[in-house]
Amino acid sequence: MSRGFISLMEYTNLSYLNPRTVILIGIPGLENVQFWIGFPFFFVCLVALLGNIFLLIIIPTERSLHQPMYIFLAVLAATDLGLCIAIAPKMLAVFWFGSCSMAFDACLTQLFFIHALQGMESGILLAMAFDRYVAICDPLRHTSILTSFFLFRVVLMVAIRATVLVGVLPILLKRLQWFHSVVIVHSYCEHMAVVKLVAEDVHINKSYGLFVAFAILGFDMIFVFISYIMIFQAVFRLSQKEARSKAFNTCTAHIVVFLEFYILAFFSFFSHRFGHVSPYAHILLSTIYLLLPPALNPIVYGAKTKEIRRRVAQVFILNPNTQQ
């Protein structure tokens, strides 16, 4: 164990009343190499930032992408950008510059934005699944159901749900006064990592955290599965093989994004509460869970969408036709 980690853990021998600052140690057991670990995370964040900014530029300017699926994709890109901005600066400061201290209120603010944006991402994935369900199972009513006003209401409801449910988490933490430590064994402020510092009864905090997880992630995952069961039933009833292939192809990108988000989310969630995963493995995987989907989503949708591929080619490949 490194000297830096030992000196930080000395803080756990004290009790703190309403602490003003907390200390993020990064990845316990890997302090000597986390400087180098920061570079792959920086690269992932850079890909996520560039890819999602590119989507936010292409989708509004390309008229052929003014469809419900791609409007939801633009909201997803904005959410992914927010996640990267909420996590990466402080995490890289810890890895590269040893800037471990953080104001407690700033920690609660980061906690709120990370979990609220996670909740919004989950809700948008459910909205995208509903769009695919209507497009395949009731295509004649797709444009009449998914109107601009309907899309606005869905995005607003997703944002309100995440903000209200997650907003209670920092409020419940703020009411607690006694902490047995100010050392957060993580690279960012995560709800359960902060709860573990408290020296008071935290059953309400833990129970409400579970409720939020299942009310958002659990609810959304169940209804996404139901949507795809109905989609697959409709697709297999199609008589022509070409029609079935085309219908499946419209869902492929969303299925990939859905699986990468929920598999990583539930592994991170359950390993932190019920598993026996080593701390450094959990922190690495939970950080990958938050940063990898924002980097992969633009790549997955870019690879599957002809209009996005064409615009990428126009930007990065010198084509005489694009200069006219």
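Residues numbered from 1 in each chain as written. Predicted model: local features only at pLDDT ≥ 70, side-chain atom pairs only at ≥ 80, totals over all residues. Heavy atoms only, no water.

Brief notes about the overall build of the protein chain
Point 1. Within the protein chain, the regular secondary structure consists of 11 helices and five strands.
Point 2. Every one of the 324 residues in the protein chain was classed for burial, and the buried ones make up 49%.
Point 3. Long-range contacts, defined as pairs at least 24 residues apart, comprise 79% of the intrachain contacts of the protein chain with a sequence gap of at least 6.
Point 4. A total accessible area of about 16300 Å² is found for the protein chain, and carbon and sulfur atoms account for 69% of it. (Helix = DSSP H or I, 4+ residues; strand = E, 2+ residues; numbered from the N terminus. Buried < 20%, exposed > 50% of the residue type's maximum accessible area, 1.4 Å probe, protein only. Contact = heavy atoms within 4.5 Å. Areas by Shrake-Rupley, 256 points an atom, 1.4 Å probe, with all protein chains shown as cover.)

What to know about the layout of surface pockets
Point 1. By volume, the largest pocket is sized at about 510 Å³.
Point 2. Tyr70, Arg132, Lys246, Asn249 and Thr250 are the residues nearest the centre of the largest pocket, which is lined by 19 residues in total.
Point 3. The element that contributes the greatest number of residues to the lining of the largest pocket is helix H9 (residues 241-273), accounting for six residues.
Point 4. By residue class, the composition of the lining of the largest pocket is eight nonpolar, six polar and five charged. (1 Å grid on protein atoms, 1.4 Å probe; cavity = no way out; pocket = protein on both sides within 12 Å on 5 of 7 lines; lining within 4 Å. Points joined across faces, edges and corners; volume = space filled by probe spheres on them. Nonpolar A, V, L, I, M, F, W, Y, C, P; charged D, E, K, R; others polar.)

Describing helix H3 (residues 68-97)
Since the α-helix packs 3.6 residues into each turn, any two residues three or four apart lie on the same face.
Point 1. Given a rise of 1.5 Å per residue, 30 residues ought to cover 44 Å, and the 43 Å separating the end C-alpha atoms of H3 matches this to within 8%.
Point 2. For H3, the principal kink sits at Ala88 and spans about 30°; a proline, Pro89, occurs within the next four residues.
Point 3. By the criterion of burial, H3 is predominantly enclosed, with 23 of the 30 residues buried.
Point 4. Residue Gly98 follows H3 closely and has a positive phi angle near 65°. (Expected span 1.5 Å × (residues − 1). Bend = angle between axes of the 7 residues up to and from the residue.)

Quick word on the sheet that holds strand E2 (residues 21-24)
Point 1. In spatial order, the strands read E3-E2-E5; together these three strands make up an open sheet with mixed pairing. Edge strands, defined here as strands with exactly one partner in the open sheet, are strand E3 (101-103) and strand E5 (183-184).
Point 2. Bridge count between E2 and E3: three bridges; the pairing is antiparallel. For Thr21, the partnering residue across the bridge sits in E3 and is Ala103. (Pairing = 2+ DSSP bridges.)

Some words on the pattern of salt bridges
Point 1. Across all of its chains, the model carries four salt bridges by this definition.
Point 2. Of the charged contacts, one joins Arg132 and Asp131 as a salt bridge, the two residues approaching to 2.8 Å between their closest N and O atoms. Accessibility classification places Arg132 together with Asp131 in one group, the buried group.
Point 3. The salt bridge partner of Arg161 is Asp220, with a shortest N-O separation of 2.7 Å. With Arg161 in helix H6 (residues 148-174) and Asp220 in helix H8 (residues 203-236), this pair connects stretches of sequence that are 59 residues apart. (Salt bridge = Lys/Arg side-chain N within 4 Å of Asp/Glu carboxyl O.)

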